[in-house]
Amino acid sequence: MLNQEHQLTRKVAREFAEKFVEPIARKMDRENYFPRDVVREAGKLGMLTPTVPPTYGGGGMDLRSAIVILEEVGKTSGGFSLLMEACGTLFSHALLTFGSEQQREDVLSKVASGEAIGAFALSEPCCGSDAAAIETKAEKIGGEWQINGVKTWITSGMYADYFLVFARTGAREERHKAISAFLVERSNCIETTPIEVMGMRGTGTAEVKLNQCPALDVVGKINGGWEVLIETLNVGRVAISGVALGIATGAFEEAWSWARQRELFGQRLVDFQNTQFELAEMYTAVETIKTLAYYAAYLFDVGRREEFITMAHVTKLQAARLTVDVTRRAVQMLGGYGYSKESKSEMFYRDAKLLEIGEGTNEVMKYVLYKLISRKN
Ligand SMILES: Cc1cc2nc3c(=O)[nH]c(=O)nc-3n(C[C@H](O)[C@H](O)[C@H](O)COP(=O)(O)OP(=O)(O)OC[C@H]3O[C@@H](n4cnc5c(N)ncnc54)[C@H](O)[C@@H]3O)c2cc1C
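Quick caveat, the model's predicted, so the values are computed rather than measured.

*Asks:* Would you take a moment to explain the packing of aromatic side chains for this structure?
*Replies:* Here the distance between the centres and the angle between the planes together describe a pair of aromatic rings. By the definition in use, this model includes 11 aromatic pairs. Geometrically, the ring pair formed by W145 and F182 is tilted, given 5.4 Å between the ring centres and 50° between the ring planes. Of this pair, W145 sits in strand β3 (residues 144-154) while F182 is found in strand β5 (residues 179-185), placing the two residues 37 residues apart along the sequence. Overall, W145 belongs to the buried group, its relative accessible area being 18%. An aromatic cluster is present here, built from F16, F20 and F80 joined pairwise through their rings. In this structure, K27 is placed above the aromatic ring of Y33, and the distance from its NZ or CZ to the ring centre is 4.2 Å. Sitting above the plane of the W256 ring, R260 keeps its charged end 4.0 Å from the centroid.

*Asks:* Explanation requested: the nonpolar core in the structure shown.
*Replies:* A general trend in soluble globular proteins is that nonpolar side chains are found buried together. With 117 residues, the main nonpolar core has F80, M84, I147, F166, F182 and V184 as its most contacted residues. The biggest single contributor to this core is helix α6 (residues 225-261), with 17 residues.

*Asks:* Explanation requested: the pairing of strand β4 (residues 162-168) in the structure shown.
*Replies:* Each regular strand shows side chains that alternate between the opposite faces of the sheet. Within β4, 7 of the 7 residues are buried, which leaves the element mostly enclosed by the surrounding structure. Of the two faces of β4, the one holding Y162, L164, F166 and R168 and the one holding F163, V165 and A167 are both buried throughout. Of the pairings in the sheet, the one linking strand β1 (residues 118-121) to β4 comprises 4 bridges and is parallel in character. Looking across to β4, one finds that G118 is bridged to Y162.

Each value, and the rule that gives it
Residues numbered from 1 in each chain as written. Predicted model: local features only at pLDDT ≥ 70, side-chain atom pairs only at ≥ 80, totals over all residues. Heavy atoms only, no water. Phe/Tyr/Trp six-rings, centres within 6.5 Å; stacked < 30°, edge-to-face > 60°. Helix = DSSP H or I, 4+ residues; strand = E, 2+ residues; numbered from the N terminus. Buried < 20%, exposed > 50% of the residue type's maximum accessible area, 1.4 Å probe, protein only. Lys NZ or Arg CZ within 6 Å of the ring centre and 35° of its normal. Core = buried A, V, L, I, M, F, W, Y, C linked by side-chain atoms within 4.5 Å. Pairing = 2+ DSSP bridges.

See below:
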């Protein structure tokens, strides 16, 4: 499923991760540091928005290439990989697919180049999984759309220059039929409050209050927000599996080398059969995530839409669960060191838990999957 171009992308992504991400990975985690400059570097290299055409400043690559990049970066920092995914896939894919030519030229090109940061603002204090119940309202006042409401858990929310805001354009009882997507530029009407999180730190997670905020424009059609949201999350759920793959691989690699150097009871840790079994389990999990993520991305790239949607959900569910499992096993294998802030696996373990929650929880994946498979059978 991967050709020479993908291999070349991997090489460039690895170099980028070593040169720019490795030096700030710990700082992001320990100090909740948001690496604005490194996002800019990723933009310059076309790696922030791999699937956006070069005309708008993106990489002009396919979804498999995006997974390659998120995987390579994720081996070093789950947080930075998530930042790239939220800005480069969630926000940018929505604008590329549903935005007008002007929105692409004016906003997408700035985000793709790393000059501006885009955030995807769907979740609210009332509603995450039940997205059709959101309460943020958009009203047309004097020919302009104004938005009022509160969004929460927004990745890059503290630093974003543009927000893709989902808001109600009809009664709450109309649920998904009365939701629209709006492009909102940061201004005084936006109030952001940081949220301290367990993992994926340094990603600017915030509560975002919109007080009579003028929207720049509608993205897609009025009352067509649900289509924007579903299409974007289908792609996002595969992309975030690339983040998962990176984290799981990073934890596996640390456990692998630790098991070779640690000695106890007169032999190396790796010489115990239990350790070998553990490494085999972890390897199997990593290879499973890899196969699923690249296969789902391949289905998207070749336009096998129906299969893609089902596999996007199978992949997200399994990638999230397996990454939590791999990182937990890595911490266990490293013993006290694994529990300390010195090990990478400690950070990866905390980062991994987000994968079972963000962009749809495990339960939501099963809810969607059951609906998809019932339609077929
Ligand atoms: C670090 C971080 C970053 C995030 N980034 C963003 C972002 O950039 N943009 C954005 O819009 N959102 C973002 N989110 C929000 C995320 O998408 C939501 O947290 C997630 O969708 C779950 O929603 P909730 O927190 O409201 O939980 P709830 O929806 O209240 O769920 C609570 C529990 O109920 C379970 N549940 C849900 N449905 C069912 C069911 N049918 N049956 C049984 N149990 C069920 C859930 O799985 C969960 O265990 C982020 C969250 C975090 C933590």
